[in-house]
Amino acid sequence: MEYYLVKWKGWPDSTNTWEPLQNLKCPLLLQQFSNDKHNYLSQVKKGKAITPKDNNKTLKPAVAEYIVKKAKQRIALQRWQDELNRRKNHKGMIFVENTVDLEGPPSDFYYINEYKPAPGISLVNEATCGCSCTDCFFDKCCPAEAGVLLAYNKKQQIKIPPGTPIYECNSKCQCGPDCPNRIVQKGTQYSLCIFRTSNGRGWGVKTLVKIKRMSFVMEYVGEVITSEEAERRGQLYDNKGITYLFDLDYESDEFTVDAARYGNVSHFVNHSCDPNLQVFNVFIDNLDTRLPRIALFSTRTINAGEELTFDYQMKGSGDISSDSIDHSPARKRVRTVCKCGAVTCRGYLN
């Protein structure tokens, strides 16, 4: 008869008991146990042949240890997933998945929905004026007042070229929440999954639903810092091989967004030299051209299950940052090798 060692919820390990299968009414846990055991043994098989004596009546300590660690990881990731969904303020759900290793939730990451200004930086999040349109598609709306075209078509897809700013209707506008010029401010509409990549790129993000081309996917948020502070942090991040700094250089180069500790799901989006997301500068309630919001739009149809990527060197202007080709002696920064695998890969992230 098979017996299973049971950890009872709410009770210490000292109260664990061995139970026969007929006493267990937890089919999902049993299935996970079986899957974890199979996955571990499959990994072992890749390194050596399994002999008949390996199939004995007790689990080897290494197998048991892996199953326990995997169970604890699963609980931790579920709690993190629940926390992310409590903190988010958008429609799309966030899921977390790790079928690759035993890595748990990041220990020093805090989910935010909008920019977090560093001490000494002021973000004015209230517009001074707004439109009084009856139909923002045809009247002289906020984009026209700013001297640019309305960014969206009637299918809520972006129709302006990269490098052109987006001016959405704001809190002072008389149009309602269903206005066709309110897209980015509504947040992510798609359910996304933070998942562990299998090729050494850490966490990544994939979509769980089909995304049409030229559609808004997510905003890039983080801590707003000065460019001087960004230079200091950049040296540290390069030495660690991480990249989370995004220069707000639409009109000037005073500020940078740092998503290393504070950010949303975009914190986990990986780089690609051939990405499926494009960067756009957005102005809504804060019309300070030094502080645009950063929105990521799909460049093509993205199918359910596909990983989302953007070019870390892509600026809001639509150009590639000069950092990627600056090899001057003054910039002795550690270069991070790119693992995107694209045919057009430049070789480095920075």
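Just so we're clear, the structure is a prediction, and the values are computed from it rather than from any experiment. Every chain's residues receive numbers from 1 upward, in the order its sequence appears when written. Under the rules for a predicted model, residues below a pLDDT of 70 receive no local features and side-chain atom pairs below 80 are neither given nor counted, while totals for whole chains, interfaces and linings still include all residues. Only hydrogens and water are removed before side-chain values are computed, so all heavy atoms of the structure are retained for them.

Q: Can you walk me through the UniProt feature "domain: SET" (unreviewed entry) in the protein in this structure?
A: UniProt positions are given in the numbering used here, feature names are shortened, and annotations may be inferred rather than shown by experiment. Residues annotated by UniProt as "domain: SET" (unreviewed entry) correspond here to residues 190-313. Secondary structure follows DSSP: runs of H or I at least 4 residues long count as helices, runs of E at least 2 residues long count as strands, and numbering of each begins at the N terminus. Across residues 190-313, the secondary structure splits into 11% helix and 37% strand, with the terminal C-alpha atoms separated by 25 Å.

Q: How should the packing of aromatic side chains be read in this particular structure?
A: Given two aromatic rings, one states the distance between the centres and the angle between the planes to describe the pair. Here the aromatic set is Phe, Tyr and Trp, taking the six-membered ring for Trp, and pairing holds for ring centres within 6.5 Å; pairs whose planes are under 30 degrees apart are stacked, those over 60 apart are edge-to-face, and all others are tilted. One pass over the full model with this rule turns up 15 aromatic pairs. Judged by centre distance (5.9 Å) and plane angle (75°), the rings of Tyr-220 and Phe-310 are edge-to-face. In this pair, Tyr-220 is assigned in strand β9 (residues 216-220) and Phe-310 in strand β17 (residues 309-310), connecting sequence segments 90 residues apart. Relative to Phe-297, the ring of Phe-280 has its centre 5.4 Å away and its plane inclined at 75°; by these criteria the two rings are edge-to-face. Of the two residues, Phe-280 sits in strand β15 (residues 277-283) while Phe-297 sits in strand β16 (residues 293-298), which places them 17 residues apart along the sequence. We note that Phe-280, like Phe-297, is buried. These aromatic residues form a ring-pair network of at least three members: Trp-80, Phe-109, Trp-203 and Phe-268. Here, a charge over a ring is recorded when the distance from Lys NZ or Arg CZ to the ring centre is within 6 Å and its angle to the ring normal is within 35 degrees. Directly above the aromatic system of Tyr-262 lies the positively charged group of Lys-116, at a separation of 4.9 Å from the ring centroid. Here Arg-196 stacks its cationic end above the ring of Trp-203, 5.1 Å away from the centre of that ring. The buried label applies to any residue whose accessible area, calculated with a 1.4 Å probe on protein chains only, is under 20% of its type's maximum; exposed applies above 50%, and partly exposed to all values in between.

Q: Which parts of the structure should I look at to understand the pattern of salt bridges?
A: Should the charged atoms of two oppositely charged side chains come close, the side chains can pair. A side-chain nitrogen of Lys or Arg and a carboxyl oxygen of Asp or Glu constitute a salt bridge if their distance falls within 4 Å. Applying the stated rule across the entire model yields 17 salt bridges. Here Glu-126 ties to Lys-172 by a salt bridge, and the two come within 3.7 Å at their closest N and O atoms. In this pair, Glu-126 is assigned in the loop between β5 (116-117) and α3 (142-145) and Lys-172 in the loop between β6 (166-167) and β7 (192-196), connecting sequence segments 46 residues apart. Given a relative accessible area of 48%, Glu-126 falls into the partly exposed group. Here Arg-232 ties to Glu-229 by a salt bridge, and the two come within 2.7 Å at their closest N and O atoms. Taken together, the residues Arg-232 and Glu-229, both in helix α4 (residues 227-240) and 3 residues apart, mark about one turn of the helix. A residue is classified by how much of its surface remains accessible, and Arg-232, at 46% relative accessible area, is partly exposed. When salt bridges that share partners are traced, they join Glu-223, Glu-229, Arg-232, Arg-233 and Asp-258 into one network.

Q: What should I look at first to understand the sheet that holds strand β3 (residues 94-97) in this one?
A: The strands making up a sheet associate through hydrogen bonds between their backbones, and the pairing can be parallel or antiparallel. Two strands pair under a simple rule: DSSP has to find at least two bridges between them. Spatially, β3-β7-β8 is the arrangement adopted by the 3 strands of the open sheet, whose pairing is mixed. In the strand order of this sheet, the two ends are held by β3 and β8 (203-207), each with one partner. Across the sheet, the mean angle from the axis of one strand to that of its neighbour is 25°, orientation sign disregarded. Residue contacts are defined here by distance: any two heavy atoms, one from each residue, within 4.5 Å place the two residues in contact. All axes are obtained by fitting lines to C-alpha atoms, using only the stretch in contact for helices, and the reported angles, taken between N-to-C directions, cover 0 to 180 degrees. Here helix α2 (residues 61-87) sits on the sheet and contacts β3, β7 and β8; the angle it forms with β3, its principal contact strand, is near 160°.

Q: What am I meant to see in a nonpolar patch on the surface here?
A: Together, Met-1, Tyr-3, Leu-5 and Trp-18 line one region of the surface with nonpolar side chains, adding up to about 550 Å² of accessible area. Within the secondary structure, Tyr-3 sits in strand β1 (residues 3-6). On the basis of relative accessible area, Tyr-3 is assigned to the partly exposed category, the value being 47%. Like-charged residues are merged into a patch within 9 Å and nonpolar side chains (Val, Leu, Ile, Met, Phe, Trp, Tyr) within 5 Å, provided each residue has over 30% relative accessible area and no salt bridge. Only the protein chains shown count as cover for residues, and the accessible areas themselves come from Shrake-Rupley with a 1.4 Å probe.

Q: Can you walk me through the environment of Thr-207 in this structure?
A: Relative to the helices and strands, Thr-207 is located in strand β8. Given a relative accessible area of 0%, Thr-207 falls into the buried group. Taking the C-alpha atoms as reference points, Thr-207 and Ile-194, separated by 13 residues in sequence, lie 9.0 Å from one another. Two N or O atoms count as a polar contact when they lie within 3.5 Å, although within protein this holds only if one can serve as hydrogen donor and the other as acceptor, and sequence-adjacent residues are included solely when both atoms are side-chain atoms. Polar side-chain contacts of Thr-207 include one of 2.6 Å to the backbone oxygen of Val-209.

Q: What is the right way to look at the UniProt feature "binding site: Zn(2+) 3" (unreviewed entry) in the protein in this model?
A: Residues annotated in UniProt with the feature "binding site: Zn(2+) 3" (unreviewed entry) correspond here to Cys-136, Cys-169, Cys-175 and Cys-179. Over a stretch of 44 residues, the named residues converge on one spot in the fold, their C-alpha atoms separated by at most 8.7 Å. Within the element layout of this structure, Cys-136 appears in the loop between β5 and α3. When its relative accessible area of 6% is taken as the criterion, Cys-136 is described as buried. Apart from the residues lying within four places of it in its own chain, the contact partners of Cys-136 are Cys-131, Cys-141, Leu-150, Cys-169, Cys-175 and Cys-179. Secondary-structure assignment places Cys-179 in the loop between β6 and β7. Residue Cys-179 is classed as buried on the basis of its relative accessible area, which comes to 6%. For Cys-179, the residues in contact, after removing those within four places along its chain, are Cys-136 and Cys-169.

Q: Quick question: what am I supposed to make of the nonpolar core here?
A: Soluble globular proteins tend to bury their nonpolar side chains together. By size, the foremost hydrophobic cluster in this structure holds 52 residues, and its most contacted members are Tyr-115, Ile-194, Val-205, Met-218, Tyr-220, Leu-308 and Phe-310. Here Ile-194 is in contact with Trp-80, Leu-84, Ile-94, Phe-95, Val-96, Glu-97, Trp-203, Gly-204, Val-205, Val-265 and Phe-268, once residues within four sequence places are set aside. The next biggest cluster of nonpolar side chains, apart from the first, holds 13 residues, and it includes Ile-160, Val-184, Phe-216 and Phe-280. Nonpolar core, defined: a set of buried Ala, Val, Leu, Ile, Met, Phe, Trp, Tyr and Cys residues in which side-chain atoms within 4.5 Å join the residues together.

Q: Teacher, can you tell me more about the side chain of Glu-219 here?
A: Secondary-structure assignment places Glu-219 in strand β9. Among the residues examined, Glu-219 registers a relative accessible area of 10% and is labelled buried. There is a polar contact of 2.7 Å between the side chain of Glu-219 and the side chain of Arg-293. The contacts of Glu-219, once residues within four sequence positions are left out, are Val-184, Asn-264, Ser-266, Arg-293, Ile-294 and Ala-295.

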